[in-house]
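Working through the structure, step by step
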Amino acid sequence: MSGRTAVTLFSGGRGGAGIARGLLGTPGIDLTILINGYDNGHSTGALRCYLPGMLGPSDFRKNLLVHLDDGEPRQAALRAVLEHRLPAGTTRERLGELAGAIGSPDGGTGPFPLLPPSAGAAIARDLTAFLRRLDSRPGGLDLTDCALGNLVLAGAYLRLGEDFNAAVRACARTFESPIRLLNVTNGENAFLVALKQDGRLLADEADIVAPQDTAAITDLFLLSRPLTPACRAELAGRPAEEVRRALTSQRATVSLNPEARDAIRDADLIVYGPGTPHSSLLPSYLTPGIADAIAESRATAKVFVVNKRDDHDVQGLSAPELAGLTLAYLGDPGNARGTVTHVLSHRAPEAPKVPSDVAGSGVWAGARWLTADLEDPARPGAHCGPCTVRALAGIAGEAALARAR
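I will try to describe carefully the structure that is included in this document. (Residues numbered from 1 in each chain as written. Predicted model: local features only at pLDDT ≥ 70, side-chain atom pairs only at ≥ 80, totals over all residues. Heavy atoms only, no water.)

**Focus: the pairing of strand β11 (residues 367–372)**
Two elements, strand β9 (residues 342–346) and β11, share 5 bridges in a ladder whose sense is parallel. Along β11, the bridge assignment pairs S345 with T371. Here strand β10 (residues 363–364) pairs with β11 via 2 bridges, running antiparallel. Bridging from a neighbouring strand, W364 pairs with A367 of β11. The hairpin turn running from β10 into β11, its antiparallel successor, is 2 residues long, and A365 in that turn takes a positive phi close to 50°. (Pairing = 2+ DSSP bridges. Helix = DSSP H or I, 4+ residues; strand = E, 2+ residues; numbered from the N terminus.)

The following block contains the structure:
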């Protein structure tokens, strides 16, 4: 890649982290990461219940970690704040003491020495905003195992008038992220639900990522409110079409973040990153207007990166079937709009299968199909950032050359 190259990566919490780090380590890359906020597992779900209207902060927190190096003391301190889990029995008073230590003039004391003073002050400010909510609604949230970084994002959300996207921008500045980190929507609250082929419900994002049987997920819905136990019981055992109609009637209204739209349109390279499809990636593609932005993009290459291994929600699907899910959710099942120009898959027995005719021809649904060794030898199961970026650079360079002819 020569000159400045704008790369927009669709990602989730950790699945695309290696690729993001590889892109950050490549000179001349301006990286934007697009994610959604529908996570509601464990402490994140409890936090969303406590703050009705707020999206899930966890995947945003995880992406704020991408650039932070444990070997650099300043960055290690920022990482420690984001990843710190509050122990069992943590009280409001104890959290207040922690916020005070973080905001101390010497740049952080207690568990976070060497924290940059400016970052410490900003973190303490947002934790204080969250503490004020705890004071106004005591006893509504068990702080056990809450990620401190999630509470910083929640405090920024409260401080900034319950504007989720503004909170993400503020925390990106606080944690010195060089990435343009964007929510795909304007911040409207929504709750993710999946429907299986036989009509069974996966009633929230936590169910979608959990171990499950091999029955296919056929539909995703963004609902305006969580499904209550009574609603779940009412829908249980009904035919799939009845459940589908009931869920459709409860759909939330979400809109495309204009910053995300511009990042897609202005990208030189779009990457549909790896991750858990039905929680991290496909829900982002449900955003109205996102498919049109991709179609209008100036990007010379739009690359689907296949997961290296199965996830619980897509057990047994081949690599083309995984790519086909992205096309279907983006409203281009035959790839007539050129939503995907290239597919990049890992060469290994445990990787999703690539049929011999696709591997032999190097073509699938009008897109170029490339296979390479993309595994990080130090982290089996994860994509090697430098290897994947080299492959992406080759694709982007070849595509730019072909367009110039």
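From this point on, the discussion continues.
**Notes on the packing of aromatic side chains**
If you walk through the whole model with that rule in mind, you get 6 aromatic pairs. Ring centres 6.3 Å apart and planes at 65° place the aromatic pair Y50 and F130 in the edge-to-face group. Taken together, the residues span a long stretch of sequence, with Y50 in helix α2 (residues 42–50) and F130 in helix α6 (residues 117–136) at a distance of 80 residues. Look at F130 and you get buried, because its relative accessible area is 0%. For R137, the ring lying beneath its charged end belongs to Y50, and the centroid distance is 4.4 Å. (Phe/Tyr/Trp six-rings, centres within 6.5 Å; stacked < 30°, edge-to-face > 60°. Buried < 20%, exposed > 50% of the residue type's maximum accessible area, 1.4 Å probe, protein only. Lys NZ or Arg CZ within 6 Å of the ring centre and 35° of its normal.)

**Considering the sheet that holds strand β5 (residues 201–202)**
Sheet strands line up and pair through hydrogen bonds in the backbone, either parallel or antiparallel. Within the open sheet, the 3 strands sit side by side as β5-β4-β6. Their pairing is antiparallel. On the outer flanks of this sheet lie β5 and β6 (217–223), each paired with one strand and no other. Lying on the sheet, helix α11 (residues 240–248) is in contact with β4 (191–196), β5 and β6; it crosses β6 at an angle near 20°. (Contact = heavy atoms within 4.5 Å. Axes fitted to C-alpha atoms, helices over the stretch in contact; angles between N-to-C directions.)

**A word on the environment of A267**
Locating A267 in the fold gives a position in the loop between α12 (258–265) and β7 (269–272). It is 5.5 Å that separates the C-alpha atoms of A267 and V7, two residues lying 260 residues apart in sequence.

**Observations concerning the environment of V305**
As for its position among the elements, V305 is in strand β8 (residues 301–305). Its relative accessible area of 0% is what places V305 among the buried residues. Expressed as a C-alpha distance, the spacing of V305 and A236, which sit 69 residues apart in the sequence, is 36 Å. Excluding residues within four positions of it along the chain, V305 makes contact with I19, V271, Y272, G273, P274, L344 and H383.

**Let's talk about the packing of helix α13 (residues 277–285) against helix α15 (residues 319–329)**
Think of two packed helices as two axes; the pair is described by the angle between the axes and how far apart they sit. Close contact between α13 and α15 brings their axes to 8 Å; oriented N to C, the two are set at 35°. Like other packed secondary-structure pairs, α13 and α15 cross with a definite hand, here right-handed. On α15, the residues touching H278, L282 and Y285 of α13 are L325, T326 and Y329. When its residues are assigned to classes, the contact of α13 with α15 shows 4 nonpolar, 2 polar and no charged. (Left-handed = near helix turned anticlockwise from the far one by under 90°. Nonpolar A, V, L, I, M, F, W, Y, C, P; charged D, E, K, R; others polar.)

**Focus on the nonpolar core**
Grouped together as the largest cluster of nonpolar side chains are 115 residues, with contacts concentrated most on L95 and F130. Sort the elements by how many residues they give to this core and helix α7 (residues 148–159) lands first, with 8 residues. Not counting chain neighbours up to four residues away, the residues in contact with F130 comprise L47, Y50, L51, L95, L141, L143, L151, A154, G155 and L158. By size, the runner-up hydrophobic cluster in this structure holds 11 residues, among which are V193, C231, V243 and A246. (Core = buried A, V, L, I, M, F, W, Y, C linked by side-chain atoms within 4.5 Å.)

**Structural notes on the pairing of β4**
Most of β4 is tucked away: 6 of the 6 residues are buried. Of the two faces of β4, the one holding F191, V193 and L195 and the one holding L192, A194 and K196 are both buried throughout. Both β4 and β6 contribute to a ladder of 6 bridges, which runs antiparallel. The partner of A194 across the bridge, within β6, is L220. Of the strand pairs in this sheet, β4 and β5 are connected by 2 bridges, and their pairing is antiparallel. When the bridges of β5 are listed, A194 appears paired with L202. Between β4 and β5, which pair antiparallel and follow one another directly, the connecting turn spans 4 residues, one of which, G199, has a positive phi of 95°.

**As for the sheet that holds β7**
Spatially, the 8 strands line up as an open sheet ordered β3-β2-β1-β7-β8-β9-β11-β10, and their pairing is mixed. Of all strands in the sheet, those bounded by a partner on one side alone are β3 (180–183) and β10. The pairing of β8 with β9 spans 3 bridges and is parallel. Residue pairing for β9: V305 is matched across the bridge by L344. Packing of α12 onto the sheet brings it into contact with β1 (5–10), β2 (29–35), β3 and β7, and relative to β3 it is tilted by some 125°.

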